[in-house]
Amino acid sequence: MAFECDNKAKHSVIQMCKDLQYHVVGMPDACPRKKKIYFWSKRLSLWTLKLSLVIFCLVFVIAPFIYKYLYALQRSLVYLNFVSWPRNPNFSDPSAYKIEGVRNLYLTTDEDVRLGVWQILPEDLVKNDTDLTTEYFEDALKDGRDVIIYNHGNSGHRLAEHRMELYHLLRKKYHVICWDYRGYGDSSDIEPTETGLVSDAKFVYKWVLNQTTSNIFLWGHSLGTGVSTHMLGDLSKENIKKPRGLILESPFNSFTDEIAEHPFAKLFRPLPWFHYTIIDPMLQNGFVFASDKHIIKVDCPILILHAEDDLVVPYSLGKKLYETAQDFRRSTQGNVTFVGFETKFNYGHKYICRAPELPEMIDNFFITAAKESEDKKL
């Protein structure tokens, strides 16, 4: 009886060991299929780890260093002038894009740069029986109505959808001059630079100044806000009539901050070499657009418009620019006003023009800015 009990205990112990081997080790000698699964799962895990390391190195190490040393890549991403939508635009036929009363013309700057320009008449000057001759357009600019010069942002050209939407709004009361910088649209195919764009903007402003005695207002959007503030900062040193006011839509305080705060850059910002490979090369290669330095020299009233849900130029950068302007503003320079638009309206980076209160806001700004400029002899 004792021997039988010992045998049973022995068999129980052996069975427990087998069970333990099966559950803990997971690959008993009797299961070659499980051995294969175990083997390939280890190989797959190793391959996945290696692939992850390769992707990490390519994206977060090699790519930033390539960016640092490729000026052409930096320029392309800053100006995005290779983006053209709609494709193959016909600037000489504005009516094909459902906008009437538009003159397409070309200006040649002192640097022999050709600039494509649209002169858009106020709505009530365009009638079915109106003979839209060159003389008619030239005379129209002398009718005393305010003139808006629109300096667009990067990418595309003066035919871009959101820009067209804004023209339709502004022309209800005002003359609109919209144009393309060098390297954009049908302007000279020359490499854009900050200095070049500012030079083009000065030429267009002086050309309009010679065409009319009406009040002139500048409207800059996105990159165009950097061009506009830089241009007016430079013009503050010249003995020339200044615009009655400046509107900055979706502005940044400096382009380096814009790059650092851009949603795409958030992936790279924690990297120890972020400034060395991304920010420093931008400064070294002249992509500065230091609006916070130029705005303190702008001698006219300023209206800043920014949407809270702007994913391209964060709202905080527009506020920073406003605060800088306020902190350094002299009483002789004119007021600075900031208007924010709540996220719930979904205006984003391009569609503040859809705000129903915007037309009245513009009208009021033009009236008060013109009076303030007159009173302060700006």
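Cut-offs and rules
- Residues numbered from 1 in each chain as written.
- Predicted model: local features only at pLDDT ≥ 70, side-chain atom pairs only at ≥ 80, totals over all residues.
- Heavy atoms only, no water.
- Helix = DSSP H or I, 4+ residues; strand = E, 2+ residues; numbered from the N terminus.
- Buried < 20%, exposed > 50% of the residue type's maximum accessible area, 1.4 Å probe, protein only.
- Contact = heavy atoms within 4.5 Å.
- Areas by Shrake-Rupley, 256 points an atom, 1.4 Å probe, with all protein chains shown as cover.
- Salt bridge = Lys/Arg side-chain N within 4 Å of Asp/Glu carboxyl O.
- Phe/Tyr/Trp six-rings, centres within 6.5 Å; stacked < 30°, edge-to-face > 60°.
- Pairing = 2+ DSSP bridges.
- Axes fitted to C-alpha atoms, helices over the stretch in contact; angles between N-to-C directions.
- Lys, Arg positive; Asp, Glu negative; His and termini not counted.
- Parallel < 35°, antiparallel > 145°, perpendicular 65-115°, else oblique.
- Left-handed = near helix turned anticlockwise from the far one by under 90°.
- Core = buried A, V, L, I, M, F, W, Y, C linked by side-chain atoms within 4.5 Å.
- Right-handed = clockwise from strand over helix to strand, strands pointing away.

This part is about the overall build of the protein chain. Across its full length, the protein chain carries twelve helices and eight strands. Taking all 378 residues of the protein chain together, 48% fall into the buried category. Here the contacts in the protein chain between residues at least 6 apart in sequence split such that 75% fall between residues at least 24 apart. With the model as given, the accessible surface of the protein chain reaches about 19,600 Å², and the carbon-plus-sulfur share is 57%.

Attention now goes to the pattern of salt bridges. With the rule as written, the count across this model stands at 20 salt bridges. When the shortest N-O distance is used, the salt bridge between Asp257 and Lys320 registers 4.0 Å. On the criterion of sequence distance, the pair formed by Asp257 in helix 8 (residues 255-261) and Lys320 in helix 11 (residues 315-328) is long-range, its members being 63 residues apart. Residue class for Lys320 comes out partly exposed when judged on its relative accessible area of 39%. Through salt bridges with shared partners, a single network forms among Glu111, Arg182 and Asp200.

Applying the stated criterion across every chain, the model contains 17 aromatic pairs. Measuring from centroid to centroid gives 4.8 Å for Trp179 and Tyr181, while their planes differ by 75 degrees, and the two rings are edge-to-face. Here Trp179 and Tyr181 have matching classes, each one buried. Seen in terms of ring centroids, Tyr181 and Tyr184 are 5.6 Å apart; in terms of plane orientation they differ by 70 degrees. Their pairing is edge-to-face. Pair check on accessibility: Tyr181 and Tyr184 agree, each one buried. Linked through ring pairs, Tyr71, Tyr79, Phe252, Phe255, Phe287 and Phe289 together constitute an aromatic cluster.

Across the sheet, eight strands lie side by side as 1-2-4-3-5-6-7-8; this open sheet has mixed pairing. Edge positions in the sheet fall to strand 1 (102-108) and strand 8 (336-341), since each of these pairs with one other strand and no more. Pairwise comparison of adjacent strand axes, ignoring direction, gives a mean angle of 20 degrees for this sheet. As judged from the four bridges shared by strand 6 (residues 245-249) and strand 7 (residues 302-307), these two strands associate in the parallel manner. Bridge assignment links Leu246 to a residue of strand 7, and that residue is Ile302. This element, helix 5 (residues 161-170), spans strand 2 (114-120), strand 3 (147-151), strand 4 (175-179), strand 5 (216-221) and strand 6 of the sheet and lies at about 170 degrees to strand 3.

Attention now moves to the side chain of Glu249. Turning to its location among the elements, Glu249 is positioned in strand 6. Of the side chains with opposite charge, Arg163 comes closest to the buried, unpaired Glu249, at an N-O distance of 8.7 Å. If near-sequence neighbours (up to four positions away) are discounted, Glu249 is found in contact with Leu166, Trp219, Gly220, His221, Ser222, Thr225, Leu305, Lys350 and Ile352.

What follows is about the packing of helix 6 (residues 194-211) against helix 7 (residues 223-235). Packed helices, taken two at a time, are described by the angle between their axes plus the distance between the axes. Running from N to C, helix 6 and helix 7 cross one another at 70 degrees; their axes reach a closest spacing of 9 Å. On the basis of the axis angle, helix 6 is roughly perpendicular to helix 7. Taken as a pair, helix 6 and helix 7 cross one another with a handedness that is right-handed. For the pair helix 6 and helix 7, contact is made by Glu194, Leu197, Val198, Ala201, Lys202, Tyr205 and Lys206 and by Leu223, Val227, His230, Met231, Asp234 and Leu235, respectively.

For the rest of this paragraph, the subject is the side chain of Ser291. Note on placement: Ser291 falls in helix 10 (residues 291-294). Those residues in contact with Ser291 that sit more than four places away from it in its chain are Thr225, Gly226, Thr229, Phe252, Asn253, Ser254 and Leu321.

The biggest cluster of nonpolar side chains holds 59 residues, and the ones touching the most others in it are Ile149 and Tyr205. The element best represented in this core is helix 6, accounting for eight residues. Residue contacts for Tyr205: discarding those within four places in its chain leaves Ile149, Ile216, Leu218, Met231, Leu235, Ile240, Lys241, Lys242 and Pro243.

Of note, the amide linkage connecting Trp85 to Pro86 takes the cis form, showing an omega dihedral of 0 degrees. For Pro86, the position within the fold is in the loop between helix 3 (71-79) and strand 1. Even without being glycine, Leu80 reaches a positive phi, approximately 50 degrees. Structurally, Leu80 is set in the loop between helix 3 and strand 1. Even without glycine at this site, Lys98 takes up a positive phi of about 60 degrees. Inspection of the secondary structure assignment puts Lys98 in the loop between helix 3 and strand 1.

A separate point is the pairing of strand 5. For a regular strand, side chains alternate in direction, first toward one face of the sheet and then toward the other. Within strand 5, six of the six residues are buried, leaving the element largely enclosed by the surrounding structure. Side chains of strand 5 alternate between two faces, with Ile216, Leu218 and Gly220 and Phe217, Trp219 and His221 buried alike. Sheet analysis places strand 5 next to strand 6, joined by five bridges and oriented parallel. Residue pairing in the sheet places Phe217 in a bridge with Gly245 of strand 6. In this view, the connection linking strand 5 to its parallel neighbour strand 6 by way of helix 7 has right-handed handedness.

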